[in-house]
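Chain by chain, the residues:
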Amino acid sequence: MTATVLTPTKTAPIKTTWHLKDRRVQVVGSHSGQYDWWYLKIQWSDKLGLTYYKAFSGDVHDSTVYAEAKKVAEYIMQKGFIRPDATTPYGDSDETMHGSNPVEVPIWNKTFYPCKRFLESTAD
């Protein structure tokens, strides 16, 4: 299995590099019925939380979905830094989105003043 890690595009220069230091990339789940979503999140500070742009999703019984998310989290931890201003082309293969038309999206989405449950998995 290959981890899905996209590199920043060359259209915009990278402005900032943030070193993780003692911060951890957490794999946080959201479960509904027979479907799982796994998100990579970092609690940067009390005032800032970061979420990786790509959710890892699939059937609740498919352990490879969590394994892929975990592999990407470990890769980021091994690098020891993130580039919070970087973007990447990302397309949606859904037919309603006109095929796979990539658009520039931020690799890390910022959540200002994240709630106390920012790093907790949820289920309904």
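Because the structure is a prediction, the values reported are computed rather than measured. (Residues numbered from 1 in each chain as written. Predicted model: local features only at pLDDT ≥ 70, side-chain atom pairs only at ≥ 80, totals over all residues. Heavy atoms only, no water.)

A. View of the overall build of the protein chain. Within the protein chain one finds one helix and ten strands. Along its sequence from the N terminus, the protein chain presents helices and strands in the succession β-β-β-β-β-α-β-β-β-β-β. Expressed as a percentage of its 124 residues, the buried residues of the protein chain come to 30%. A sequence separation of at least 24 residues applies to 64% of the contacts in the protein chain between residues at least 6 apart. As displayed, the protein chain has an accessible area near 8100 Å², and 52% of this comes from carbon and sulfur atoms. (Helix = DSSP H or I, 4+ residues; strand = E, 2+ residues; numbered from the N terminus. Buried < 20%, exposed > 50% of the residue type's maximum accessible area, 1.4 Å probe, protein only. Contact = heavy atoms within 4.5 Å. Areas by Shrake-Rupley, 256 points an atom, 1.4 Å probe, with all protein chains shown as cover.)

B. Region of interest: the nonpolar core. Counting residues in each nonpolar core, the largest one holds 22 residues, and the members touching the most others are Leu40, Ile42, Tyr52, Phe56, Ile76, Ile82 and Trp108. At the level of elements, β3 (35–45), β4 (48–52) and α1 (63–79) are the ones that each hand at least two residues to this core. The biggest single contributor to this core is α1, with five residues. (Core = buried A, V, L, I, M, F, W, Y, C linked by side-chain atoms within 4.5 Å.)

C. Representation of the pattern of salt bridges within the structure. Enumeration according to the criterion identifies two salt bridges in this entry. The salt bridge involving Lys110 is made with Asp85; its shortest N-O contact spans 3.6 Å. Separated by 25 residues along the polypeptide, Lys110 in strand β9 (residues 108–112) and Asp85 in the loop between β6 (81–82) and β7 (87–90) bring together distant segments of the chain. Residue Asp85 is classed as partly exposed on the basis of its relative accessible area, which comes to 40%. Between Glu120 and Arg117 there is a salt bridge, and its shortest N-O distance comes to 3.1 Å. Judged by relative accessible area, which is 40%, Glu120 ranks as partly exposed. Arg117 sits in the partly exposed class, given a relative accessible area of 49%. (Salt bridge = Lys/Arg side-chain N within 4 Å of Asp/Glu carboxyl O.)

D. Quick peek at α1. Here α1 contains 17 residues, and its C-alpha end-to-end distance of 25 Å stays within 8% of the 24 Å for a straight helix at 1.5 Å per residue. Within α1 the residues assigned to the buried category are Val65, Glu68, Ala69, Val72, Ala73 and Ile76. Taken around the axis of α1, the buried residues stretch over an arc of 130°, which confines them to a single face. In α1, the exposed positions angled more than 90 degrees off the buried face are occupied by Ser63 and Gln78. (Expected span 1.5 Å × (residues − 1). Arc of directions from axis to C-beta.)

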